[in-house]
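# Coordinates in review
Chain residues, written in single-letter form:
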Amino acid sequence: MVVRRWGCIYASASLLLAFCSAAPALDYQIQANIRYDHYPETVLDILQPSAPSLADRPGVIVIHGGGWVQGNKELMLEEYCLPFVRRGMVVANVEYRLASSAPAPAAVNDVLKAAQWFQDHAARYKVDRNRILATGSSAGGHLALMTAMAPASADLGPSIKIAAVIDFFGIADVADQLAGPNRQSYAVAWIPDQPDRMELARRLSPITYVRKGLPPILVLHGDADPTVPYQQSVALVKALKNSGDDAELIMVPGGKHDFTAAQMEQLWPQIFQWLKKRKISS
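One structure accompanies this document, and this report is about it. Only a predicted model underlies this, so the values are computations on that prediction, with no experimental measurement involved. (Residues numbered from 1 in each chain as written. Predicted model: local features only at pLDDT ≥ 70, side-chain atom pairs only at ≥ 80, totals over all residues. Heavy atoms only, no water.)

As a further point, take the overall build of the protein chain. Per the secondary structure count, the protein chain includes eight helices and nine strands. Over its C-alpha trace the protein chain gives a radius of gyration of 19 Å, about what one expects of a compact globule, namely 19 Å for 282 residues. Expressed as lengths along the three principal axes of its C-alpha atoms, the size of the protein chain is roughly 65 × 40 × 40 Å. Within the protein chain, buried positions represent 54% of all 282 residues. At a minimum sequence separation of 6, the contacts of the protein chain that also span at least 24 residues come to 73%. Per element, the accessible surface of the protein chain, about 12600 Å² overall, is 54% carbon and sulfur. Side-chain charges of the protein chain comprise 27 positive and 26 negative groups, with the mean position of each set lying 7 Å from the other. (Helix = DSSP H or I, 4+ residues; strand = E, 2+ residues; numbered from the N terminus. Rg over C-alpha atoms; globule rule 2.2 N^0.38 Å. Buried < 20%, exposed > 50% of the residue type's maximum accessible area, 1.4 Å probe, protein only. Contact = heavy atoms within 4.5 Å. Areas by Shrake-Rupley, 256 points an atom, 1.4 Å probe, with all protein chains shown as cover. Lys, Arg positive; Asp, Glu negative; His and termini not counted. Charge placed at Lys NZ, Arg CZ, Asp CG, Glu CD.)

Here it is in structure tokens:
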């Protein structure tokens with residue numbers, strides 16, 4: 001069911017007229033909780049501009065973070081989905097199985113299936129299949145990278161063409177967070193102790209799949225991130241450039257794990273300029 005988001009809420013008949021006259025209509029519509037696979041968690045929302053378009057629009061796969069152990073797609077709406085919708089793009093805001101429901105590699109499997117679903121249904125939403133990009137923050141950044149970088153030979157799910165990746169402080173090296181000074185409890189929960197554990201972590205790490213011919217990748221990371229080391233992004237972008245890929249790192253001075261509203265306000269113009277140069281958005 002398509003729900004148009006309007007500035008008026010039918011709280012009561014007596015308040016309706018006054019409220020609607022004071023609040024303008026919002027600028028998008030949403031189709032919520034569409035199933036892309038058979039698990040209860042495997043749903044996504046489609047967000048579109050309210051204004052119709054004669055031409056196909058760019059598409060964006062948005063993936064939430066939370067260390068693969070928490071978080072939900074609703075947390076991405078205001079900060080990550082709407083900036084794209086307001087630039088005339090169609091967003092698929094994706095939910096996936098967390099570690100409590102299914103450990104690794106389930107989250108990767110799910111997101112790859114969601115990406116395939118979005119590409120398969122592109123015509124329904126007037127999305128240009130050649131201009132679908134992936135983005136996410138933290139673990140969502142990792143999953144966005146995996147969507148674009150994991151080859152079919154990795155046997156993690158469908159391999160589709162992604163036009164570009166915008167990675168907000170994502171994990172590039174999962175193994176680095178399982179042991180040693182950068183160990184994180186969320187990574188341990190996602191990949192619990194098991195035979196060949198570190199091999200599985202490497203199989204689920206974007207840094208493993210660096211090779212020539214990948215789509216453009218923009219990484220945004222704070223140099224004071226206490227959760228995902230900034231050096232992971234430095235190493236990833238360096239490896240991509242050495243392979244001849246189009247990769248860029250925007251370092252946010254003093255940036256922690258999650259950017260402030262003021263930092264995001266400065267970053268969005270740079271992001272859309274980067275996309276415009278690559279003819280993905282206007």
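For the bond from alanine 104 to proline 105, the omega torsion is 10°, close enough to zero to count as cis. Locating proline 105 in the fold gives a position in the loop between strand S5 (90-94) and helix H3 (106-120). Positive phi is not limited to glycine here, since lysine 126 has a value of about 55°. At aspartate 196, a position not held by glycine, the phi torsion is positive, near 60°. Mapped onto the elements of the fold, aspartate 196 is located in the loop between helix H5 (185-190) and helix H6 (197-203). Of the residues examined, aspartate 196 reaches a relative accessible area of 62% and is grouped as exposed.

Mapping leucine 82 onto the fold places it in helix H2 (residues 77-85). Relative accessible area serves as the criterion here: at 1%, leucine 82 is assigned to the buried category. In this structure the C-alpha to C-alpha distance between leucine 82 and arginine 278, which are 196 residues apart in sequence, comes to 21 Å. Setting aside residues no more than four positions away along its own chain, leucine 82 makes contact with Tyr28, Leu47 and Leu77.

Two numbers describe how H3 lies on helix H4 (residues 139-149): the axes approach to 9 Å, and their chain directions differ by 60°. Overall, the two elements H3 and H4 adopt an arrangement that is oblique. The handedness of the crossing between H3 and H4 comes out as right-handed. The segment H3 lies against H4, with Ala107, Val108, Val111, Leu112 and Ala115 engaging His142, Leu143, Met146 and Thr147. Grouping the constituent residues of the contact of H3 with H4 by class yields seven nonpolar, two polar and no charged. (Axes fitted to C-alpha atoms, helices over the stretch in contact; angles between N-to-C directions. Parallel < 35°, antiparallel > 145°, perpendicular 65-115°, else oblique. Left-handed = near helix turned anticlockwise from the far one by under 90°. Nonpolar A, V, L, I, M, F, W, Y, C, P; charged D, E, K, R; others polar.)

Counting buried positions along H4 gives eleven out of eleven residues, so the element sits mostly inside the fold. Restricting attention to buried positions, one finds in H4 the residues Ala139, Gly140, Gly141, His142, Leu143, Ala144, Leu145, Met146, Thr147, Ala148 and Met149.

Okay, the side chain of aspartate 225 next. Among the structural elements, aspartate 225 can be located in the loop between strand S8 (217-222) and helix H7 (230-242). No salt bridge forms around the buried aspartate 225; measuring N to O, its nearest opposite-charge neighbour lysine 256 is 8.8 Å away. Of the polar contacts made by the side chain of aspartate 225, one reaches the backbone nitrogen of valine 228; its length is 3.1 Å. Setting aside chain neighbours within four positions, we find aspartate 225 in contact with Phe169, Gly255, Lys256 and His257. (Salt bridge = Lys/Arg side-chain N within 4 Å of Asp/Glu carboxyl O. Polar contact = N/O pair within 3.5 Å; in protein donor to acceptor, adjacent residues only side chain to side chain.)

In the contact formed by H2 and helix H8 (residues 261-277), the axes pass within 12 Å of each other and the chain directions differ by 40°. Taken as axis vectors, H2 and H8 run oblique relative to one another. Relative to H8, H2 is oriented so that their crossing is right-handed. For the pair H2 and H8, the contacting residues are Glu79, Tyr80, Pro83 and Phe84 in the first and Met264, Trp268, Phe272 and Leu275 in the second. Of the residues assigned to the contact of H2 with H8, the class counts are seven nonpolar, no polar and one charged.

Here we come to the nonpolar core. Formed by 63 residues in total, the largest nonpolar core has its most connected members in Trp68 and Trp190. Every residue in contact with tryptophan 190, bar those within four places of it in the chain, is listed here: Trp68, Ala99, Pro103, Ala104, Pro105, Ala107, Val108, His142, Val174 and Leu204. Of all hydrophobic cores here, the second largest spans 32 residues; its members include Met76, Phe168, Trp268 and Leu275. (Core = buried A, V, L, I, M, F, W, Y, C linked by side-chain atoms within 4.5 Å.)

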